[in-house]
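Read off the chains here:
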Amino acid sequence: MKIVNFSLYYQLSYYIISICPRYTQIQIGIIIISNKTNSIVIIKNNQTLFIILIICDAKSQGHLAFLMPRFYGQLKKQKADNEYFEWYGDYQSFDHLFKQFIKPEDQIIHVGIGKSLLSEQLYDQGIAKHILNVDFEKQSLEQMRLRSEVTRPEQSFKCLSLVDEMQFVEQFDVIIDKGTLDAIYPDAESLQVIQYLENMHKILKVNGKFIIISLLQEHILEIILQQSDKYTIQIFETIIKDSKLYPYFIVLTKGQPNNKILIRKIDQTEDFYSIQQSKQLIKKLQLQNNFVTQIHKLRQAQSYTMDLWQANKKQNPRFTLYIYDNDNADILQKRTCACFIIPQGRESGFLFGTKHGHQELIKQVGVSRLVIVRLNPGHKFENLKIVQHEITPVMQDLIPKKCTNIPVPYMTDGDEIGQKNILYESEESIIEEVQIEEANYRRLIFKNCLDLVQCQVRLNKDKVDQTYLDFEAHLAMVAGLGFAGNNEVLILGGGVGLLGKFLTTHLQAKVTNLEISDEIIKIGKIFFELDDVNQNVVNCDALDYIEQILNCKQFGAVIIDINSSEQNTISPPQQFISEKFLEKIRTIIIPEGIIIINILDPLKQIKKLPWDLYFSRKCENEINEVHYLINTKIENNQLDKQILDNLNQKLKKYQSFLTTIKTWDSSLNIPNEINDIKLKHPLIKQQAFQIQETLIVEDGQVKDARKDFYQDDLAKIQKKKKNKRRKNR
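By convention here, each chain's residues receive numbers from 1 onward along its written sequence. Where totals are concerned, whole chains, interfaces and linings use all residues; where local detail is concerned, this predicted model gives features only for residues with pLDDT of at least 70, and gives and counts side-chain atom pairs only at 80 or more. Just so you know, side-chain values use all the structure's heavy atoms and leave hydrogens and water out.

Some words on the overall build of the protein
Move 1: Helices and strands together make up the secondary structure of the protein, namely 20 helices and 35 strands.
Move 2: The buried label applies to any residue whose accessible area, calculated with a 1.4 Å probe on protein chains only, is under 20% of its type's maximum; exposed applies above 50%, and partly exposed to all values in between. The burial tally for the protein puts 53% of its 729 residues in the buried class.
Move 3: The long-range share in the protein, meaning contacts at least 24 apart out of those at least 6 apart in sequence, stands at 67%.
Move 4: Here, Shrake-Rupley sampling with a 1.4 Å probe gives the accessible areas, and only protein chains in the shown set may cover a residue. Summing over all exposed atoms, the protein offers an accessible surface of approximately 35000 Å²; the carbon and sulfur share of this is 48%. By definition, any uninterrupted DSSP run of H or I lasting at least four residues is a helix, any uninterrupted run of E lasting at least two residues is a strand, and each is numbered from the N terminus. Throughout, a residue-residue contact means that at least one pair of heavy atoms, one from each residue, lies within 4.5 Å.

As for the sheet that holds strand β19 (residues 420–425)
Backbone hydrogen bonds are what pair the strands of a sheet, in a parallel or an antiparallel way.
Move 1: Two strands qualify as a pair provided that DSSP identifies no fewer than 2 bridges between them. Spatially, β19-β20-β21-β22-β23 is the arrangement adopted by the five strands of the open sheet, whose pairing is antiparallel. Since the sheet does not close on itself, it has two edges, and those belong to β19 and β23 (463–464), each with one partner.

Topic: the side chain of R374
Move 1: With respect to the secondary-structure elements, R374 resides in strand β17 (residues 369–375).
Move 2: Classification of R374 as buried rests on a relative accessible area of 7%.
Move 3: Here a polar contact means two N or O atoms within 3.5 Å. Within protein one must be a hydrogen donor candidate and the other an acceptor candidate, and residues neighboring in sequence count only if both atoms are side-chain atoms. A distance of 2.7 Å separates the side chain of R374 from the side chain of N376, its partner in a polar contact.
Move 4: Once residues lying within four places of it in the same chain are set aside, the contact partners of R374 are R318, F319, T320, Y322, I342, E347, L450 and D451.

Remarks on the packing of aromatic side chains
Move 1: Pairing of aromatic rings covers Phe, Tyr and the six-membered ring of Trp, with a centre-to-centre limit of 6.5 Å; geometry is then stacked below 30 degrees between planes, edge-to-face above 60, and tilted otherwise. Tallied over the entire structure, the rule returns 16 aromatic pairs.
Move 2: A ring pair is formed by F319 and F381, whose centres lie 5.4 Å apart and whose planes are at 50°; its orientation type is tilted. Of this pair, F319 sits in strand β15 (residues 319–325) while F381 sits in the loop between β17 and α13 (384–398), and the two are 62 residues apart along the sequence. Across this residue pair, the class does not change: F319 and F381 are buried.
Move 3: Where Y654 meets F657, the ring centres are 6.4 Å apart and the plane angle is 35°; that geometry is what we call tilted. Note that Y654 and F657 are positioned in helix α19 (residues 641–659) at a spacing of three residues, about one turn of the helix.

A closer look at the environment of Y91
Move 1: Within the fold, Y91 resides in helix α3 (residues 91–101).
Move 2: Judged by relative accessible area, which is 3%, Y91 ranks as buried.
Move 3: Taking the C-alpha atoms as reference points, Y91 and S116, separated by 25 residues in sequence, lie 9.9 Å from one another.
Move 4: Those residues in contact with Y91, other than ones at most four positions away along the chain, are F98, K99, L118, Q121, L122, Q125 and I127.

Side note on a positive patch on the surface
Move 1: Residues K244, K297, R299, K401 and K402 make up a contiguous surface patch of positive charge.
Move 2: Here R299 is to be found in the loop between α9 (275–292) and β14 (303–308). Patch membership needs two things, relative accessible area over 30% and no salt bridge, and members are linked within 9 Å if like-charged or within 5 Å if nonpolar (Val, Leu, Ile, Met, Phe, Trp, Tyr). Salt bridges are counted wherever a side-chain nitrogen of Lys or Arg sits within 4 Å of a carboxyl oxygen of Asp or Glu. The sign given to each residue is positive for Lys and Arg and negative for Asp and Glu; His and the chain ends receive no count. Positions of charges follow a simple convention, taking NZ of Lys, CZ of Arg, CG of Asp or CD of Glu.

Observations concerning empty space enclosed by the protein
Move 1: In this analysis a 1.4 Å probe is tested at points of a 1 Å grid over the protein atoms alone, and where it fits but cannot get out there is a cavity; an open set with protein on both sides within 12 Å along at least five of seven lines is a pocket; lining residues have an atom within 4 Å of a point. Grid points are joined across faces, edges and corners, and a volume is the space filled by probe spheres set on the points. One pass over the structure, following the stated rule, counts five cavities of 30 Å³ or more.
Move 2: Those elements that provide at least two residues to the lining of the largest cavity are β22 (453–460) and α15 (498–507).
Move 3: With three residues, β22 is the single largest residue contributor to the lining of the largest cavity.
Move 4: Ten residue types, Ala, Val, Leu, Ile, Met, Phe, Trp, Tyr, Cys and Pro, are classed as nonpolar, four, Asp, Glu, Lys and Arg, as charged, and the remainder, Gly among them, as polar. Split by residue class, the lining of the largest cavity holds six nonpolar, two polar and three charged.

What about the sheet that holds strand β30 (residues 624–630)?
Move 1: If you trace the eight strands from one edge of the open sheet to the other, you get β26-β25-β24-β27-β28-β30-β29-β31, paired in mixed fashion. Each of the sheet's edge strands pairs with one partner strand only, and the pair in question is β26 (535–539) and β31 (678–681). Taking each pair of neighbouring strands and ignoring which way they run, the sheet shows an average axis angle of 20°.
Move 2: Bridge count between strand β27 (residues 555–560) and strand β28 (residues 589–600): five bridges; the pairing is parallel. From the neighbouring strand, F555 faces β28, where its bridge partner is I589.
Move 3: Here helix α14 (residues 472–480) sits on the sheet in contact with β27, β28, β29 (614–618) and β30, set at roughly 15° to β30.
Move 4: Helix α18 (residues 579–586) contacts β24 (488–492), β27, β28 and β30 of the sheet and is inclined by roughly 140° relative to β28. Lines fitted to the C-alpha atoms define the axes, with helices restricted to the stretch that makes contact. Angles between their N-to-C directions range from 0 to 180 degrees.

Here we look at the packing of α14 against α15
Move 1: Where α14 contacts α15, the axes come no closer than 11 Å and their chain directions differ by 45°. Here α14 is positioned oblique relative to α15, judged by the angle of their axes. The crossing of α14 and α15 is right-handed. For the pair α14 and α15, contact is made by H474, M477 and V478 and by L499, F502, L503 and L507, respectively. If an angle is under 35 degrees, it is roughly parallel; if it is over 145, roughly antiparallel; if it lies from 65 to 115, roughly perpendicular; otherwise it is oblique. Working rule for handedness: look at the near helix, and if it is turned counterclockwise from the far one by less than a right angle, call the crossing left-handed; if clockwise, right-handed.

Considering the pattern of salt bridges
Move 1: Across all of its chains, the model carries 31 salt bridges by this definition.
Move 2: R152 is the salt-bridge partner of D124, the closest N and O atoms lying 3.0 Å from each other. Here R152 lies in the loop between α5 (138–148) and β7 (156–159) and D124 lies in helix α4 (residues 118–124), a separation of 28 residues in the sequence.
Move 3: With relative accessibility at 48%, the residue D124 sits in the partly exposed group.
Move 4: Salt-bridge contacts for K633 lead to E583; the nearest nitrogen and oxygen are separated by 3.8 Å. On the criterion of sequence distance, the pair formed by K633 in the loop between β30 and α19 and E583 in helix α18 is long-range, its members being 50 residues apart.
Move 5: For K633, a relative accessible area of 52% gives the class exposed.

Concerning α5
Move 1: The set of residues buried in α5 consists of S140, L141, M144 and S148. The buried residues of α5 occupy an angular sector of 100° when the element is viewed end-on, so they sit on one face.
Move 2: The distance from a side-chain oxygen at the start of α5 to the backbone nitrogen of Q139 is 3.3 Å, and the residue carrying that oxygen is E137. Comment: arc refers to directions from the helix axis out to C-beta atoms.

Here's the deal with the state of the cysteines
Move 1: Count a disulfide wherever a pair of cysteine sulfur atoms falls within 2.5 Å. Following the criterion strictly, the structure yields zero disulfides and no others.
Move 2: Considering cysteine sulfurs only, C337 is the nearest to C403, which forms no disulfide, with 5.4 Å between them.
Move 3: Residue class for C403 comes out buried when judged on its relative accessible area of 13%.

A closer look at the environment of G378
Move 1: Summarising the element assignment, G378 is placed in the loop between β17 and α13.
Move 2: The exposure class of G378 is buried, given its relative accessible area of 5%.
Move 3: Spatially, the C-alpha atom of G378 lies 8.8 Å from that of Y424, the residues being 46 residues apart in sequence.

What to know about the nonpolar core
Move 1: Ranked by internal contacts, the top residues of the largest apolar core, which has 46 residues, are V478, F483, V489, L503, L507, F615 and Y628.
Move 2: Looking at this core, the element that brings in the most residues is α14, giving six residues.
Move 3: Among the nonpolar cores identified, the runner-up in size contains 40 residues, and F168, I175, Y185 and I220 belong to it. Joining through side-chain atoms within 4.5 Å is the link that ties buried Ala, Val, Leu, Ile, Met, Phe, Trp, Tyr and Cys residues into a set, and such a set is a nonpolar core.

So, helix α7 (residues 192–203)
Move 1: Multiplying 1.5 Å by the residue count of a helix minus one yields the expected span of that helix. Along its 12 residues, α7 runs 17 Å from first to last C-alpha, staying within 8% of the 16 Å computed at 1.5 Å per residue.
Move 2: Packing partners of the buried residues in α7 comprise β5 (107–111), β8 (172–178), α6 (180–184), β9 (204–214), α8 (218–225) and β10 (231–237).

Here we look at unusual backbone geometry
Generally, phi is negative for residues other than glycine and the peptide bonds are trans, each holding for most cases.
Move 1: Following I406, the chain continues into P407 via a peptide bond in cis, with omega recorded as 5°.
Move 2: Among the secondary structure elements, P407 is positioned in the loop between α13 and β18 (410–412).
Move 3: For the bond from H681 to P682, the omega torsion is 0°, close enough to zero to count as cis.
Move 4: Its identity as a non-glycine residue notwithstanding, E170 has a phi of 45°, on the positive side.
Move 5: Following the sequence through the fold, E170 ends up in the loop between β7 and β8.
Move 6: In this structure, K461 is a non-glycine residue whose phi angle is positive, near 55°.
Move 7: Mapped onto the fold, K461 is located in the loop between β22 and β23.

Nothing here speaks to function; it is all geometry.
Structure, rendered in structure tokens:
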């Protein structure tokens, strides 16, 4: 008996298919138990194979329901084809790639050949002659040897284990692994993969190619990308005809380490990506491919994202499509569909720029499936009619089966899609001007984060309107300066200097603005009126700068507003919110100083900051949250009421001061921003309930009403308990 752990969705299929042909009878049983991992129990008895699937959760049961019909269908086909089957596609599926990376004179080893005909096809097509085929299973290997003994004399066969020590040393120009890595490394707990990869590196010549055909499950992709210190990595998306599997063709070139990964998509567009970007892109492609196989099926509350590219514009997609199926079962049964085109310049608002907003939008439209179309930066769009014409062919593929409202309606907010003018474009960034509700705005967007506007200014006769501050997070930072002890402010990640200039113009703050990017400073000076007159702009790495000024005790506030270079990751990067770094910041602020951090946490990974006392203010989009770290130490989480009282008085005074400022746009209403600042840590506990502390403001005055507030709530709870006891008597 043998027990094998597996990642159900992919590895179960491959493992079963690879071993089933050796047995005349196959029996499969399923056990659902409370277990830590999914497992396969293999029991062999002569020519009978017993397979028991141990399933540990409901999600796996759903995957199993998907896999088993596929398994039986493939097994039946395999038997009919004389037991030779290409689970990940045959030679024809990858011929253009094999021709690109293999030369006829190459010495090749095909590891884990099983019952694959790939080596025979490579030989017969004249792509490769000198192929050593290896596998640990003697019976199937002998069958494959006999097939080629006469017709393919230059091929050889050897029975050996790929996870034991191998005697070859830099002997092969090419290694071919077609599904073998997936079988050896079925889940992240398998340890054999380390020895396998070490063996492959050992037997491959310098500049040799390690070709892997894999489904690139998350843990497989992770360990392949870890090889970037030994290889150059290229990943090619492929399509297998009449298959629901989407394997990837990966080429690792030995002796050329590179942490930039080349990825070529099905549409032949290609680019270099960082390791983190590669993970995100592959995951996105896999989700899209999975959606394509079931594109016409409505499923309650399912959602997908698709990018549409323009052939001559490869750096960023022309359209991004968000496909949502309604979470209301009754509406889903109506089988209706609609397309909503987001007006240009409105992409970053709550309704059009967040997942929660999209879900609200589909409720408002009231259809079974809503396709939301974003017109991406860096592209020009003439009018709604032309956009509709471009989108229509794709919409035909997205319409659910038996749709009841064909032709599908196209919608937008207003009469047109808005106006946009591209001022500047580089490999990394785009500067655009857009019109929003008759006002003109200029904005900066990074190409690696198209769904985030990095900064935006309102224009007044083609000049930056210095009375206006666009971002809600920036307004929250201005409000948080009420905690500061003086007007000296250090900004880490000041970008094009909009926040710094606002603080110097309206609050007479002394601002030092740190920005690491030469290009951003250049963009700031050309397009956003950045200058050194009112603020000290320093082009440097913030980490290095802090090291140089430790213990200066100079600043009343340090603002950390650094964007991560990776999409869907925490901003600022983790090192800027680590305990070690924050303690260094503590040494450069005065005792009454404040650290303000703008945190973007799309995956909700941060549970607590390494700081004793801090407040926060959530922004409308529910992704950004501005944190205010108070420079004080608290023993055993025992918060002294006097500390809060002093902070309240400080904010009260600051709020009164803000009401006297008339130089900024009246629509900003910055004094009211203070009302939304809440105690984040530590939480205040009162007997049987727990509540987040709030700075309570009445008629513009900060009021310490905690005691009355708590007593009212406590009285209500005690009354409910008393009534419940009476009812139970």
